[in-house]
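Single-letter residue listing:
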Amino acid sequence: KQDLCYEKNTDNSTDNTLNLIKEYENNFITEKDFERIKNLGFNCVRLPVWYRNFMTEDNRWQLNARGFERIDWVIEQCRKNDLYVIIDMHGCPGGQSTNHSTGVIGQNKLYDSSFNLDAMEKLWVEIAKRYKNNPTIAAYDIMNEPFNNTHEPLAESDIAIKETNKVYKKMISAIRRIDKKHIITIEGIWTMDILPDPEEQGWENMMYQLHIYDESQDMIDKRIEEFLETRDKYKVAVYAGEYNS
């Protein structure tokens, strides 16, 4: 996009790396996969993205970044197969936990860094600008599994709840300045108890999310009950963003 300030890359080794990633992406998922998803009866694809799909390690826009190009391609494949897309920021600048799923293991440097928070906001603003009128987009998933219980502090700790919701508020405010149409989903991960009353926050068009990896029927039933209670209490949609039960 013309309003992005790109840094030109003259490093041949980096170019070779980007070409290798391009080949990997082109073959990791293909048009046939979306047909299979549709034929299996699903109606939505949760698309994980990493900030490095768009930015360098020091948060400059990449000249050769294929992030938006790949999202555009996924959206088009989903549109052709009557599927919706949820854009999921799976790896945030600096890392939102120490877990490997952020893209870099052992970090947790998002919350106390204005540099990383500004980069994350800048990226969500660009995503919202690009897709605000796209009917194939079902929702924006602000941040995957903050404080993923890999190391201290745990996701349900007071400090984690405070820092997680601080990021949610900042990103929701930024997105809503651009896009008031699309649903925004935020994650309690393992419990809805950490998520605030959306009415008190002035949030509308929200979907609250849990991930379910419990093994016992009692715990799975408990999660489902929590979904229903939260839906009725806060008048929000509810969503299992990940599950393996």
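It should be noted that the structure appears before, not after, this text.
Here goes a summary of the coordinates provided. (Residues numbered from 1 in each chain as written. Predicted model: local features only at pLDDT ≥ 70, side-chain atom pairs only at ≥ 80, totals over all residues. Heavy atoms only, no water.)

## Digging into a nonpolar patch on the surface
Together, Leu40, Phe42 and Tyr243 give the surface a local cluster of nonpolar side chains, amounting to about 380 Å² of exposed area. Relative to the helices and strands, tyrosine 243 is located in strand E8 (residues 237-243). The class of tyrosine 243 is exposed, set by a relative accessible area of 55%. (Patch = residues over 30% accessible without salt bridge, like charges linked within 9 Å, V, L, I, M, F, W, Y side chains within 5 Å. Areas by Shrake-Rupley, 256 points an atom, 1.4 Å probe, with all protein chains shown as cover. Salt bridge = Lys/Arg side-chain N within 4 Å of Asp/Glu carboxyl O. Helix = DSSP H or I, 4+ residues; strand = E, 2+ residues; numbered from the N terminus. Buried < 20%, exposed > 50% of the residue type's maximum accessible area, 1.4 Å probe, protein only.)

## Considerations on the pattern of salt bridges
The tally for this structure, following the rule as stated, stands at 19 salt bridges. Its salt-bridge partner being glutamate 76, residue arginine 79 comes within 2.7 Å of it at the nearest N-O pair. Note that arginine 79 and glutamate 76 are positioned in helix H3 (residues 67-80) at a spacing of 3 residues, about one turn of the helix. Judged by relative accessible area, which is 46%, arginine 79 ranks as partly exposed.

## Overview of the nonpolar core
Counting residues in hydrophobic clusters, the biggest one holds 55 residues, and the most contacted among them are Met120, Trp124, Ile142 and Ile186. Broken down by element, this core gets its largest block of residues, 8 residues, from helix H4 (residues 114-131). Among residues more than four places away in sequence, those in contact with tryptophan 124 are Ile87, Met89, Tyr140, Asp141, Ile142, Met171 and Ile175. (Core = buried A, V, L, I, M, F, W, Y, C linked by side-chain atoms within 4.5 Å. Contact = heavy atoms within 4.5 Å.)

## What to know about the sheet that holds strand E5 (residues 137-141)
Judged by pairing direction, the sheet is parallel, and its 6 strands sit side by side in the order E2-E4-E5-E6-E7-E8 without closing on themselves. The sheet is open, and its two edges are formed by strand E2 (44-50) and E8, each paired on a single side. The average undirected angle you get between the axes of adjacent strands in this sheet is 30 degrees. Bridge count between E2 and strand E4 (residues 84-91): 7 bridges; the pairing is parallel. Bridging across to E4, arginine 46 finds its partner in isoleucine 86. Sitting on the sheet, H3 touches E2, E4 and E5, and the angle it makes with E4 is about 150 degrees. (Pairing = 2+ DSSP bridges. Axes fitted to C-alpha atoms, helices over the stretch in contact; angles between N-to-C directions.)

## A word on the pairing of strand E6 (residues 183-189)
Judged by how many residues are buried, E6 sits mostly within the fold: 6 of 7 residues are covered. As paired elements, E5 and E6 share 3 bridges and run parallel to each other. Opposite alanine 139, over in E6, you have isoleucine 183 as the bridge partner. Bridge analysis of E6 against strand E7 (residues 206-212) gives 5 bridges, and the strand direction is parallel. Its bridge partner lying in E7, glutamate 187 is registered against glutamine 209.

## Concerning the side chain of glutamine 209
Tracing the backbone shows glutamine 209 in strand E7. The class for glutamine 209 is buried, based on a relative accessible area of 0%. Looking at glutamine 209, its side chain comes within polar contact range of the side chain of threonine 185, at 3.0 Å. Apart from the residues lying within four places of it in its own chain, the contact partners of glutamine 209 are Arg46, Asp141, Thr185, Ile186, Glu187, Gly188, Ile189, Met192, Tyr239 and Gly241. (Polar contact = N/O pair within 3.5 Å; in protein donor to acceptor, adjacent residues only side chain to side chain.)

## Remarks on the packing of H4 against helix H5 (residues 158-178)
Between H4 and H5, whose axes approach to 9 Å, the crossing angle comes to 30 degrees. H5 is crossed by H4, and the crossing has right-handed handedness. Together, Leu117, Asp118, Met120, Glu121, Trp124, Val125, Ala128 and Lys129 of H4 and Val167, Lys170, Met171, Ala174, Ile175, Arg177 and Ile178 of H5 make up the contact between the two elements. (Left-handed = near helix turned anticlockwise from the far one by under 90°.)

So far we have only geometry, and geometry alone does not tell us how the molecule works.
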